[in-house]
Amino acid sequence: MKSVQDNEKIMLKDILFDYNIKTTINNEYPVLSSTASGMYLQSEYFNKEASSDNTIGYKIIPRGYCTYRSMSDTGLFTFNIQNLVEKGIVSPAYPVFSANDDYINEFIILYLNNSSYIKKQILELKSGGTRFALPFSTLCTLKIPKLDKEKQLSFIKTITAFERKIENEEILNDLHQQKNYLLNNMFI
């Protein structure tokens, strides 16, 4: 079976667009954080507001759009889709983007976060310094497989099913451990 990696490649600049709309009213939308473990309301993630008192100039990120922290100490970047609120805001340093009609944001994010091919491309881009920077313009020079929407959906469904199975197995394992703990303590 042919792997996704073996497909013809397309540059991200051909399918992504930069969404660079900034706030003009202070605290108009909730502040969000894009982290290695997903998107969060900043007030919940940090148990406080960590942003500046003045959020004018922060980038607006509509539901379904993507973002990431563009600086990394390790060269690893985590890309997230904003599905928390209709519109939120992120630091002006975070790129906000979406795919054109030929690609599905969920596929783009899954591929960017999980492909060793992408990680290799990012590492090859590093020059000088101790930190890795990945501005949107550089992200757009990376290549991903050229797939029709049907194949992208199939990939999303397969990965989602595996993630659900892993999650269910972890829950089942936790329940077995709880049962054993209760049984052990019941007969003391």
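Residues numbered from 1 in each chain as written. Predicted model: local features only at pLDDT ≥ 70, side-chain atom pairs only at ≥ 80, totals over all residues. Heavy atoms only, no water.

> Before we go on, may I ask you to explain helix H3 (residues 116–125) in this structure?
Owing to its 3.6 residues per turn, the α-helix aligns residues three or four sequence positions apart on the same side. Where H3 is concerned, the buried positions are Ile-118, Gln-121 and Ile-122. In an axial view of H3, the angular spread of the buried residues amounts to 100°, which keeps them on one side of the axis. Residues Ser-116, Lys-120 and Glu-124 are exposed on H3 and point more than 90 degrees away from its buried face. Backbone nitrogen of Tyr-117 and a side-chain oxygen of the N-cap are separated by 3.1 Å at the start of H3; the cap is Ser-115. (Buried < 20%, exposed > 50% of the residue type's maximum accessible area, 1.4 Å probe, protein only. Helix = DSSP H or I, 4+ residues; strand = E, 2+ residues; numbered from the N terminus. Arc of directions from axis to C-beta. Polar contact = N/O pair within 3.5 Å; in protein donor to acceptor, adjacent residues only side chain to side chain.)

> Sorry if this is basic, but what is going on with the packing of helix H2 (residues 105–114) against helix H5 (residues 149–186) here?
Across the interface, H2 lies against H5 with an axial gap of 9 Å and an inter-helix angle of 60°. When the axes of H2 and H5 are compared, the pair comes out oblique. Considering the relative orientation of H2 and H5, their crossing is left-handed. Judged by residue contacts, Glu-106, Phe-107 and Leu-110 of H2 engage Gln-152, Phe-155, Ile-156, Ile-159 and Glu-163 from H5. Class assignment for the residues of the contact of H2 with H5 results in five nonpolar, one polar and two charged. (Axes fitted to C-alpha atoms, helices over the stretch in contact; angles between N-to-C directions. Parallel < 35°, antiparallel > 145°, perpendicular 65-115°, else oblique. Left-handed = near helix turned anticlockwise from the far one by under 90°. Contact = heavy atoms within 4.5 Å. Nonpolar A, V, L, I, M, F, W, Y, C, P; charged D, E, K, R; others polar.)

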